[in-house]
Amino acid sequence: MMEIIPAIDLIGGKCVRLSQGDFSKQDTYSADPLDVAKEFEAAGLNRVHIVDLDGAKDGKPKNLRVLESIASNTVLTIDFGGGIKSNQDVTSVFDAGARMASIGTIAVKEPGLFFAWIETFGSQSFLLGSDVKDRSVAINGWSTLTDLEIVPFLADYFSRGVEHIFVTDIAKDGLLEGPSIDLYTEILQSVPRLNLIASGGVRDIHDIRELERIGCSGVIVGKAIYEKRVTLGDLATYDKNAG
């Protein structure tokens, strides 16, 4: 089943969107992320993907109060990421109400720590976020390109117990030019049992339908919502998990 996951990106406690991760290309959509989350909930969506961009930049979660507010005032399932680097960070994110912690850079730089978290909290509590540029994994808020190729990397982590992964093609993110169908197809052909969530570039329901066709288990939708390319009602109707 295909799960629709709307996104809330946070800077300074406000709901924003960046283009290709560039902080200089920032659009602010709402001063109150809780209002946005409540709109998602009211439409019938069940989940939200929250990215603490301040945390990603500074290396420590910065918007935990926003997370706590959304978790306390909605019944949305929340995955939260951005700057999670320590045991204390993970515990703080869960204590603030996140169901899942989204982990990117640390999973690459300190895999021992990442897999220790999985052993402690369970694989269902983590969402591995893999950012990609030209088939290579990028870390540190997309600023550092590694020599890890995305498909072998995901196959390795899946074999070690990672169940939930979202992949963002940096070249597509925030541009509303369509998702990386070829990349996701390649990943799913190599790791067919992977729960793969697509992220970046989604323009409309047709893109979502195509991602479902190739086998993605979910899709993160951000700018298309805020730019009103898709309605929340349409997304909730499409989301087979909604209601």
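Relevant structure appears above.
Below is a short write-up of the structure. A quick note: this is a predicted structure, and the numbers were derived from the prediction, not measured.

**Quick word on the layout of surface pockets**
Taken as a whole, the second largest pocket spans an internal volume of roughly 250 Å³. Surrounding the second largest pocket, 12 residues form its lining, Glu3, Arg47, Met100, His164 and Ile197 being those nearest its centre. Of the residues in the lining of the second largest pocket, the class split is 3 nonpolar, 6 polar and 3 charged.

**Re the pattern of salt bridges**
All told, the structure shown has 7 salt bridges when counted by the stated rule. As a salt-bridge pair, Arg135 and Glu186 come within 2.9 Å of each other at their nearest N and O atoms. Note that Arg135 is positioned in the loop between strand E7 (126-133) and strand E8 (136-139) and Glu186 in helix H8 (residues 181-190), a separation of 51 residues in sequence. Note that Arg203 is salt-bridged to Asp207, the shortest N-O span being 2.8 Å. Within this structure, Glu3, Arg47 and Asp79 form a network of salt bridges that share partners.

**Focus on the packing of aromatic side chains**
Tallied over the full model, the rule gives 9 aromatic pairs. On the numbers, 6.1 Å between centres and 65° between planes, the contact of Phe121 with Phe126 is edge-to-face. Since its relative accessible area comes to 2%, Phe126 is described here as buried. These aromatic residues form a ring-pair network of at least three members: Phe94, Phe114, Phe115, Trp117, Phe121, Phe126, Phe153 and Tyr157. The aromatic ring of Tyr157 is capped on one face by Arg160, whose charged end is 5.6 Å from the ring centroid.

**Quick notes on the nonpolar core**
In terms of nonpolar packing, the biggest core is built from 73 residues, with Ile8, Phe40, Phe114, Ile187, Ile208 and Leu211 touching the most fellow members. For this core, the leading source of residues is helix H7 (residues 150-159), giving 6 residues. Counting residues in hydrophobic clusters, the runner-up holds 7 residues, among them Ile5, Ala7, Met100 and Phe166.

**Observations regarding the packing of helix H1 (residues 33-43) against helix H3 (residues 64-73)**
Two numbers describe how H1 lies on H3: the axes approach to 10 Å, and their chain directions differ by 35°. Read as a crossing pair, H1 and H3 show a hand that is right-handed. Taken together, the residues of H3 that come into contact with H1 (itself represented by Pro33, Leu34, Ala37, Lys38 and Glu41) are Val66, Ser69, Ile70 and Asn73. Residues that form the contact of H1 with H3 fall into these classes: 5 nonpolar, 2 polar and 2 charged.

Definitions and cut-offs
- Residues numbered from 1 in each chain as written.
- Predicted model: local features only at pLDDT ≥ 70, side-chain atom pairs only at ≥ 80, totals over all residues.
- Heavy atoms only, no water.
- 1 Å grid on protein atoms, 1.4 Å probe; cavity = no way out; pocket = protein on both sides within 12 Å on 5 of 7 lines; lining within 4 Å.
- Points joined across faces, edges and corners; volume = space filled by probe spheres on them.
- Nonpolar A, V, L, I, M, F, W, Y, C, P; charged D, E, K, R; others polar.
- Salt bridge = Lys/Arg side-chain N within 4 Å of Asp/Glu carboxyl O.
- Helix = DSSP H or I, 4+ residues; strand = E, 2+ residues; numbered from the N terminus.
- Phe/Tyr/Trp six-rings, centres within 6.5 Å; stacked < 30°, edge-to-face > 60°.
- Buried < 20%, exposed > 50% of the residue type's maximum accessible area, 1.4 Å probe, protein only.
- Lys NZ or Arg CZ within 6 Å of the ring centre and 35° of its normal.
- Core = buried A, V, L, I, M, F, W, Y, C linked by side-chain atoms within 4.5 Å.
- Axes fitted to C-alpha atoms, helices over the stretch in contact; angles between N-to-C directions.
- Left-handed = near helix turned anticlockwise from the far one by under 90°.
- Contact = heavy atoms within 4.5 Å.

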